[in-house]
Each structure stands twice: as structure tokens, then as C-alpha cells.
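Here are the chains, one letter per residue:
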Amino acid sequence: MQLINYFDSRGGLTTLIARMRHHQPNMPVQLLRSYVEVLSRAGNLFAKPYAQTMVPQLKEGIFDTVLALSDIELRDLSKEVLEEIVKVVSSLLRRVEPTETTRATVEFFNLAAAYRRFQSSVVERRINGLTALAEIVARVRYHTHYRTAITPPQMLVYLAENKVLETCFGKGSHPELMKRSLDIFRFIAQEQKLEKRHLDLIWDAIRNAMRRQEDATLAILFKLLDDIAYQFDLDHLLYLFDRMAEIPCEEYVSPTLDLIKELGRMSYKAGSGPNSGIIAERSLELLWRCVLDESKTPPDVQTNARIKLEEMVADYQHRSQREPYLHKCIANLQNHSSVPQSLDIMRKILESYQVQTHQIDEHSRAAVIEVRYIFLSLIVFLWFILTRVLWL
């Protein structure tokens, strides 16, 4: 106690605070850590009136120093060191202010510290900062459970003002930044603030990755869309279908088809009204477009598109699409266009009908062939024979 009194009588703490407020240059992280370690032992010995005067100044000096660190200085600020600093400052603050106030102070500081690292020119540090930001956002997303001081509206404003998502997908970004933006997208969608401009950020990144043939980045971006698609509303889904329709078939890749099929499973988003089948229709239209001869789709992608289309129309959920695509296949046969693909699709559709059915709204396989497509059953049969002969 005598040492503390002597140190203060010589202007020690006042000088220390003044040094921390001077950022040209900043106090080195290791030196700051040493001072914080001393304060963790001495702070509890401060008299209450003295603590009420000095602790807020110490907090301001310590936090401001951390936020003012340059990219080079940030190298010494590990997660463990930052947590240690925050823990000591929190302990000091609780002596002079209510716990709720301290919690709010610490939460907003952690948010600012994460964003500071996210602003770094070093990719690894930016990823580290975004990871911390995403963790804070995830807690705010469930703020009633975690009792966070930061509210969802405050977080939405912070993300927008600091253009966090725009930075993740902007020029000079990194695939890992895009990947780790998932929780931020989920939060914005949960708060019903997801807009087309947010989807454009992802889609523009997809188009850029396609042009540069960056398959790993494409896989990350399509996975990101797939992971947040559950929280899309109908307008979001239709907008994505519109964006996918803008891509020429010759530029399609397998992850594009995976996304189309996954979005097609979300027919329930359209409700039970007149547009109840619109999601499946849009999904199948895009796959069908890739299957046709004139599409110039790469052979492996074309085959993949055909398989996915067959799987979708065979799904009981999409049974209303079976007959329309049988008609499309018939039209192709009549026009001598895309014949092998059409025959394969027809076979899969016919196989998807039950041999016998007791459902009022569903035809049996025999009824479909006999009543609607009796002459085509012969063609399909001949196709089977021909393919077997060729294989033999």
C-alpha cells in the first residue's frame, strides 16, 4: 500500500495515463500488458473515491491504446493477451460502476477491437478480426439468451455503417473472409433486413470467380448461399433464379447445378396459393435449359444437369412437373432435338409413377403410358433395346 501511495504521490499513474494517451508512438503491447498485470494486483487496493477518479481514465487509456495499434504492433496482440487486458479492466470497472454498465463497455470495446483487426492489411489478421466479429454477431442474434448489451438494431447499424459485408466481398478480399460471413448473413436475414444488394455481393463474387476459374472460391460461395437459403423468402429465391438465368449455360459448373437443385427443394416458401409450384418450376427450367443440345453446356455439366432434373421430377414433392416435362420431351422427339437426353428423362419420369396407386390425384404408370403416351412407350422400349445392343 505504501508503495502504491508513493508511486501516486510522484505522479506515477498520471504519467502512465498520459503515456497511454500518446499514440506517436503507441505504448508497445508487451509494456501495456505489464502495466495491466500490475494494475490487476494493485487496483483492488485503491480507495473508492480514488478509484472512481482514476479507473475511468485508466480504462480509456488502455482501450484507446489497443484500438490505435498499427498493423505491425497488432502482431503482438494475441487473443490471450487481449482477453487478459479486458478481464483486468472489467474487474476495475466493476468497482466504480454497475455490472450492466461494465458489460456494455466491454462488449462495445470487443466489437471495436474485432473491427480494428478486420481493417488490417494482413489477411490472417483480417480473418481473425472477422471471426471475432461473427462470434459477437452470433451472440447478438440470440441476445435474449445471452443478455447482450448490444441490441440487434444497434448491430445492424454498425454492420451497415462500417460496410462489413461490402469489405468481405470487395476488391482484394479473400475466400476465407467470404466463408466466415455466414453468421452475419444469417443475423441480417433473421432480422428481416436481407436485401437484394446483399445477394448481389455474393453473386458478383461468384461471377468474378467464374471468370477467373477459381473453383475453390466458387465452392465456398455456392456453399454460403446454400447455408443461408433456409432463411430466404420467396422474393429472395426468385431474385437468385433471375441472376442464375443471366449466366450462359456454357459457363455453368457443377456447384451451380447443386445450388439450383437445393433451392428447388424450398417450394414451401411459395405457400399454397396459385404460385405454389413456382420455385420448382424455376429450378427445373434452369436445369432443362442446360440439358438441351443448343445450350452448349460442357458435356459433364450437361450430364449432371440431366441427372438432377430426373431426380427432381421423380421426387413426389414435384410430381406436378412430371407431365409438363413429358410433353417437353415429346416435343424434342418430334423436332429431332436433344433426343438421347429426352428419352432418358422420359424413362425416369415413367419409372417415377407407381405401378399401382390409390391416390386420387396421381396416375399409375400404366395409365400414363396407355392414355397419354402409348406410342412413346414403344420408342422408349426400342431405345432400351438399342442401348443394350450397343453396350453388348
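Heads up: these notes are all about the structure in this document.

Rules of the game
- Residues numbered from 1 in each chain as written.
- Predicted model: local features only at pLDDT ≥ 70, side-chain atom pairs only at ≥ 80, totals over all residues.
- Heavy atoms only, no water.
- 1 Å grid on protein atoms, 1.4 Å probe; cavity = no way out; pocket = protein on both sides within 12 Å on 5 of 7 lines; lining within 4 Å.
- Points joined across faces, edges and corners; volume = space filled by probe spheres on them.
- Helix = DSSP H or I, 4+ residues; strand = E, 2+ residues; numbered from the N terminus.
- Nonpolar A, V, L, I, M, F, W, Y, C, P; charged D, E, K, R; others polar.
- Phe/Tyr/Trp six-rings, centres within 6.5 Å; stacked < 30°, edge-to-face > 60°.
- Buried < 20%, exposed > 50% of the residue type's maximum accessible area, 1.4 Å probe, protein only.
- Lys NZ or Arg CZ within 6 Å of the ring centre and 35° of its normal.
- Disulfide = S-S within 2.5 Å.

## Some points on the layout of surface pockets
If you add up the space inside the largest pocket, you get close to 700 Å³. Taken together, 27 residues line the largest pocket, and the ones lying closest to its centre are K79, L82, R117, A132 and E135. Considering each element in turn, the lining of the largest pocket owes the most residues, nine residues, to helix α7 (residues 123-141). Here the lining of the largest pocket is composed, by residue class, of 11 nonpolar, five polar and 11 charged.

## Some thoughts on the packing of aromatic side chains
Under the definition given, this model contains six aromatic pairs. Seen from their ring centres, Y115 and F118 are 6.2 Å apart, and the 45° between their planes marks the pair as tilted. Note that Y115 and F118 are positioned in helix α6 (residues 99-118) at a spacing of three residues, about one turn of the helix. When its relative accessible area of 2% is taken as the criterion, F118 is described as buried. Consider the rings of F169 and F185, whose centres lie 5.8 Å apart with planes at 75°: the pair is edge-to-face. A residue pair is termed long-range when its members are at least 10 positions apart, and F169 in helix α10 (residues 164-169) and F185 in helix α12 (residues 182-190) qualify at 16 residues. For the pair shown, F169 and F185 are each scored as buried. The structure contains a cluster of three or more aromatic residues connected by ring pairs, namely Y115, F118 and Y158. Sitting over the face of the ring of Y316, R319 holds its NZ or CZ atom 3.9 Å from the ring centroid.

## Thoughts on the state of the cysteines
Across all of its chains, the model carries zero disulfides by this definition. Left unpaired, C290 is separated from the closest cysteine sulfur, that of C249, by 3.9 Å.

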